[in-house]
Amino acid sequence: QVQLEESGGGLVQAGGSLRLSCVASGGRFSINDMNWYRQAPGKERELVASISSAFITKYVGAVKGRFTISRDNPKRTVYLQMDSLKPEDTAVYYCNAVAVPAVEARLEFWGQGTLVTVSS
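In this text the structure is predicted, and so the values were computed from the model without any measurement. Think of each chain on its own: its residues are numbered from 1, step by step along the sequence as written. The predicted nature of this model means local features are confined to residues of pLDDT at least 70 and side-chain atom pairs, given and counted, to a pLDDT of 80 or more, with totals for whole chains, interfaces and linings taken over all residues. Only hydrogens and water are set aside; all other atoms, that is, all heavy atoms of the structure, feed into the side-chain values.

Our focus in this paragraph is the side chain of Glu6. Per the convention used, a helix needs a DSSP run of H or I reaching at least four residues, while a strand needs a run of E reaching at least two, with both numbered from the N terminus. Its location among the elements puts Glu6 in strand β1 (residues 3–7). Only protein chains enter the calculation, and the probe is 1.4 Å; a residue is then buried if its accessible area is under 20% of its type maximum, exposed if over 50%, and partly exposed in between. Charged-residue counts in this description rest on Lys and Arg as positive and Asp and Glu as negative, His and the chain ends being excluded. Throughout this description, the term salt bridge denotes a Lys or Arg side-chain nitrogen within 4 Å of a carboxyl oxygen of Asp or Glu. One buried charged residue, Glu6, remains without a salt bridge, the closest side chain of opposite sign being Arg45 at 9.1 Å. Looking at Glu6, its side chain comes within polar contact range of the main-chain nitrogen of Thr114, at 3.3 Å. Beyond its immediate stretch of four places on either side in the chain, Glu6 contacts Ser21, Cys22, Trp36, Tyr93, Tyr94, Cys95, Gly111, Gln112, Gly113 and Thr114. Two N or O atoms form a polar contact when they lie within 3.5 Å of each other; inside protein one atom must be a possible hydrogen donor and the other a possible acceptor, and for residues adjacent in sequence the pair counts only when both atoms belong to side chains. In what follows, a contact means two residues having at least one pair of non-hydrogen atoms within 4.5 Å.

What follows is the structure, given as structure tokens:
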């Protein structure tokens, strides 16, 4: 199995910045896509940002221009740089990794989540 370990969450004032990190360990296969999800209280989990193996990035509209996802393949790490944070960004952020090691095989892994709290 692949294990994902997140770090970087915390408390920050509106307008501040945080950088989340997620390190993948284990597994013989490479990771195709890496994603960041978040879940706010009383809301459904949503996909915030994605980065493919070709380094193509996508963002949910609410964070465009403020968040930046990146990956370091040798370190098997994905980052989420969050700038100009808003109170509505408050949520538990989850790292997600998708691997396709074989035909008709898709594996998905999740981190434990890290809490980001943005105060007014």
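On we go from here.
Our focus in this paragraph is the pairing of strand β10 (residues 105–110). In short, DSSP must find at least two bridges between two strands for them to pair. Taken together, the five bridges between strand β9 (residues 91–102) and β10 define a ladder with antiparallel strand orientation. Looking at β10, one finds that Val98 is bridged to Glu108. Between the end of β9 and the start of β10, which pair antiparallel, lie two residues, with Glu104 showing a positive phi angle near 65 degrees.

Another aspect to go through is the nonpolar core. Counting residues in each nonpolar core, the largest one holds 28 residues, and the members touching the most others are Leu4, Trp36, Phe67, Val78, Leu80, Met82 and Tyr93. Residue assignment for this core shows that the elements contributing at least two residues are β3 (18–25), β4 (33–39), β5 (46–51), β7 (67–72), β8 (77–82), β9 and β11 (114–119). Setting aside chain neighbours within four positions, we find Tyr93 in contact with Glu6, Leu20, Trp36, Tyr37, Arg38, Val48, Phe67, Leu80, Met82, Gly113, Thr114 and Val116. We define a nonpolar core as any set of buried Ala, Val, Leu, Ile, Met, Phe, Trp, Tyr and Cys residues linked to one another through side-chain atoms lying within 4.5 Å.

Our focus in this paragraph is the sheet that holds β3. Paired through their backbone hydrogen bonds, the strands of a sheet run either parallel or antiparallel. Read from one edge of the open sheet, four strands run β1-β3-β8-β7, paired in antiparallel fashion. The strands lining the two open edges of the sheet, one partner per strand, are β1 and β7. For this sheet, the mean inter-axis angle between neighbouring strands, taken without regard to orientation, is 15 degrees. Relative to β8, β3 is paired through six bridges, and the arrangement is antiparallel. Each residue of the ladder has a partner; that of Ser21, found in β8, is Tyr79. Here an angle of 0 to 180 degrees is reported between the N-to-C directions of two axes, which are lines fitted to C-alpha atoms, with helices fitted over the stretch in contact.

Such coordinate-based values are descriptive only and should not be taken to indicate function.
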